[in-house]
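Notes for the structure review
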Amino acid sequence: MDVRSAMKKVPRYRWFLWAAALAAALFFITQMDFLRGKPGAQVSKGFELLDSLMSHIRRDYLEERDPLQTAEGTYRGLVNSLDPLSAYLSKDLVDRYRALTGRETGPGTVVLKRYAAFPQIVGVTPKSPAEAAGIRLGDLLSAVEGRGTLSMSLTEVKLLLAGTDEKPVRMRLLRGNETLDLEVPRALLAAEPFAFAAAAAGRPAVLAVRRIDASLLAGLRKSVVPSLASRKTPLVLDLRGCQDGEPGEALKLANLFVRAADAGRFEGRDGAKEPLACPDAPALGALPLVVWTDAGTAGPAEMVAGLLQEARQVKVVGFATSGLAGRTALFALKDDSGVILTSGIYALPSGRKLWDEGIKPDVPLPVDKLDDKTYFEKSASLLPKL
């Protein structure tokens, strides 16, 4: 199965998705007119259309609907349709989002989602509850805790999968013509933002990064960098399944391996450009290096892979990444719900934008050959022998 192609397949809508999407579209069109400086009458007309639609749902639909739930569906359709990173969050999910520490438990699944498509499993953590439950790459996640995922954002799905204990999460999966209802325990799978395996048995050292947060660089400088710098051991930077983190921390991670006065830029609204740099002498700049990616490599991890590929000509092995290298911000609404909006997208020093395109590996692997054995075999010729 082609993971990127399957992500873009749009399943059938239910009635409420049609209503929410239509209302969102009307609202979005009128707001675009407003942003382009069109007369205020266009905005008023858009609100009239939206109000008329909602009135018909209240009066003429075959059963009475909760107006707050209908309105929330409209908000969700409007925001979630913007791009994969933007999201409307109800109050309870805003609270969960703000409470994230990076040490949440989970079933061990890496998911991606496009608007109006089911989330797809693009990674399963080895030795995780998800692997034990038989969850496979390519499975579609149609419901979490009894809530349909079709209208959700990627952020909503990830928040519902995460927990603070080992309480099982209810998951409904679609696999071909099968529907699987599972209760999968959660586990603390990434207590630390990285795992390091020293070189052994003819294999290079492997630095697996799972979360690019403020604690990552401190941990690396303390326990990994000194030994690698002194031995100049060939290294694999494993970014598979790495989605979470901060863009600023991604630049610091890249700066361990390369110095770049021009490390690309964030491009925002109206052509605004924020230049970025990796100004420090790289502690591991002389290290032979290969980067591993897969479909679950997203966001800050894509920045790292792309910058090393372009600025230091490091070879990337694996699967094309998801193309979600952007910057977001959370905005609170008056009812304590909130919206996450993409405010900028990352462009490499060459000007190439990773948004929606992702990283194209120098050594691509097919979706049925994304096992460690194949990654090591394909990387062997790119690194000096031990």
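Details of the structure are given in the entry above.
Here goes a summary of the coordinates provided. (Residues numbered from 1 in each chain as written. Predicted model: local features only at pLDDT ≥ 70, side-chain atom pairs only at ≥ 80, totals over all residues. Heavy atoms only, no water.)

**Considering the overall build of the chain**
Under the convention used in this document: Strands here mean DSSP runs of E at least two residues long; helices mean DSSP runs of H or I at least four residues long; both are numbered from the N terminus. Accessible area is worked out with a 1.4 Å probe on protein chains only. A residue is then buried under 20% of its type maximum, exposed over 50%, and partly exposed in between. In this description, contact between two residues means that some pair of their heavy atoms is separated by no more than 4.5 Å.
Within the chain one finds 12 helices and 19 strands. Taken over 386 residues, the chain has a buried fraction of 48%. Taking as baseline every contact in the chain between residues at least 6 positions apart, the subset at least 24 positions apart corresponds to 69%.

**Digging into helix α10 (residues 247-255)**
Most of α10 is tucked away, with 7 of its 9 residues classed as buried. By the burial criterion, the buried members of α10 are Pro-247, Glu-249, Ala-250, Leu-251, Leu-253, Ala-254 and Asn-255.

**With respect to the sheet that holds strand β19 (residues 363-364)**
The condition that has to hold: When DSSP finds two or more bridges between two strands, those strands count as paired. Whenever a helix is involved, its axis is fitted only over the stretch in contact; in every case the axis is a line through C-alpha atoms, and angles between N-to-C directions fall within 0 to 180 degrees.
Strand order across the open sheet formed by 6 strands is β8-β9-β11-β15-β16-β19, with mixed pairing between neighbours. Each edge of the open sheet carries a strand with a single partner, namely β8 (194-197) and β19. Summarising the sheet, strand β15 (residues 289-293) and strand β16 (residues 315-318) pair through 4 bridges and their orientation is parallel. Its bridge partner being in β16, Val-291 is matched across the sheet by Val-316. Its contacts with the sheet place helix α12 (residues 372-380) against β9 (205-209), β15, β16 and β19, and it is angled at close to 145° to β15.

**What about unusual backbone geometry?**
For Lys-127, which is not glycine, the phi torsion reads 60° and is therefore positive. Structurally, the position occupied by Lys-127 is in the loop between β3 (120-124) and α6 (129-132). A residue is classified by how much of its surface remains accessible, and Lys-127, at 79% relative accessible area, is exposed. With a phi close to 50°, Glu-145 is a non-glycine residue in the positive phi region.

**Describing the nonpolar core**
Under the convention used in this document: The definition of a nonpolar core used throughout is a set of buried Ala, Val, Leu, Ile, Met, Phe, Trp, Tyr and Cys residues joined through side-chain atoms within 4.5 Å.
Leu-237 and Leu-253 are the most contacted members of the largest nonpolar core, which has 44 residues in total. For this core, the elements supplying multiple residues, two or more each, are β9, α8 (214-223), α9 (225-231), β11 (235-238), α10, β15 and α11 (300-311). Among the elements that make up this core, the one with the highest residue count is α11 (6 residues). In contact with Leu-253, other than residues within four places in its own chain, are Val-209, Ile-212, Leu-216, Leu-217, Leu-220 and Val-304. Ranked by size, the runner-up nonpolar core spans 30 residues in total, among them Leu-93, Ala-130, Val-157 and Leu-159.

**Focus: α8**
Worth spelling out the cut-off: Within this analysis, the arc is defined by the directions that extend from the helix axis to the C-beta atoms.
Taken together, the buried positions of α8 are occupied by Leu-216, Leu-217, Gly-219 and Leu-220. For α8, the arc enclosing every buried residue in end-on projection is 165°, short of the 170-degree limit, so these residues lie on one face. Relative to its buried face, α8 has exposed residues pointing more than 90 degrees away, namely Ala-214, Ala-218 and Lys-222. Each element contacted by the buried residues of α8 is listed here: β8, β9, β10 (211-212), α9 and α10.

**Focus on the side chain of Thr-105**
What counts is decided by this rule: Counted as a polar contact is a pair of N or O atoms within 3.5 Å, where, for protein atoms, one must be capable of donating a hydrogen and the other of accepting one, and residues adjacent in sequence contribute only when both atoms are in side chains.
Relative to the helices and strands, Thr-105 resides in the loop between α5 (91-98) and β2 (109-112). We classify Thr-105 as buried; its relative accessible area is 8%. Engagement of the side chain of Thr-105 in a polar contact is seen with the backbone oxygen of Asp-165, the distance being 2.6 Å. Sequence-distant contacts of Thr-105, that is, excluding residues within four places in its chain, are made with Leu-161, Ala-162, Gly-163, Thr-164, Asp-165, Arg-186, Ala-187 and Leu-188.

**Digging into the packing of α8 against α10**
Two measures define how a pair of helices packs: the angle their axes make with one another and the distance between the axes. To keep it simple, the criterion reads: What sets the label is the angle itself: under 35 degrees gives roughly parallel, over 145 gives roughly antiparallel, 65 to 115 gives roughly perpendicular, and the rest give oblique. Note on convention: the crossing is left-handed when the near helix lies turned anticlockwise from the far helix by less than a right angle, right-handed when the turn is clockwise. Any residue outside Ala, Val, Leu, Ile, Met, Phe, Trp, Tyr, Cys, Pro, Asp, Glu, Lys and Arg is labelled polar, Gly included; the first ten of those are nonpolar and the last four are charged.
Where α8 meets α10, the closest approach of the two axes is 8 Å, and the angle between their N-to-C directions is 20°. One element, α8, and the other, α10, form an angle in the roughly parallel class. Here α8 runs over α10; the crossing is left-handed. From α8, Ala-214, Leu-216, Leu-217 and Leu-220 reach across to α10, where they touch Glu-249, Lys-252 and Leu-253. Residue composition of the contact of α8 with α10, by class: 5 nonpolar, no polar and 2 charged.

**Details of the side chain of Ser-142**
As for its position among the elements, Ser-142 is in strand β4 (residues 140-144). Of the residues examined, Ser-142 reaches a relative accessible area of 10% and is grouped as buried. Leaving out residues up to four positions away in the same chain, Ser-142 has contacts with Phe-118, Arg-147, Gly-148, Thr-149, Arg-172 and Leu-174.

**Points about the packing of aromatic side chains**
Each aromatic ring pair is characterised by the separation of its centres together with the angle its planes make. This is how the line gets drawn: Pairs were defined over the aromatic rings of Phe, Tyr and Trp, the Trp ring being its six-membered one, requiring ring centres within 6.5 Å. Orientation was assigned from the angle between planes: stacked under 30 degrees, edge-to-face over 60, tilted for the rest. In this analysis the charged atom, NZ for Lys or CZ for Arg, is taken to sit over a ring once it is within 6 Å of the ring centre and within 35 degrees of the ring normal.
Counting across every chain of the model gives 4 aromatic pairs. When the centroid spacing of 4.9 Å and the interplanar angle of 45° are considered together, the rings of Trp-292 and Tyr-375 count as tilted. Within this pair, whereas Trp-292 is found in strand β15, its partner Tyr-375 is found in helix α12, the two being separated by 83 residues in sequence. Here Trp-292 matches Tyr-375 in class, with each residue buried. Between Trp-292 and Phe-376, the ring centres sit 5.0 Å apart and the planes meet at 80°, which makes this aromatic pair edge-to-face. Note that Trp-292 is positioned in strand β15 and Phe-376 in helix α12, a separation of 84 residues in sequence. Residue class for Trp-292 comes out buried when judged on its relative accessible area of 1%. A relative accessible area of 15% means that Phe-376 is categorised as buried. Over the ring of Phe-376 we find Arg-203; its NZ or CZ atom is 4.0 Å from the centre of that ring. A cation sits over an aromatic face here: Arg-327 above Phe-266, 4.4 Å from the ring centre.

**With respect to the environment of Leu-239**
Relative to the helices and strands, Leu-239 resides in the loop between β11 and β12 (244-245). Overall, the relative accessible area of 0% leaves Leu-239 in the buried class. Linking Leu-239 and Phe-194, residues 45 residues apart in sequence, is a C-alpha distance of 9.9 Å. In contact with Leu-239, other than residues within four places in its own chain, are Val-209, Arg-210, Val-291, Trp-292, Thr-297, Ala-301, Val-304 and Ala-305.

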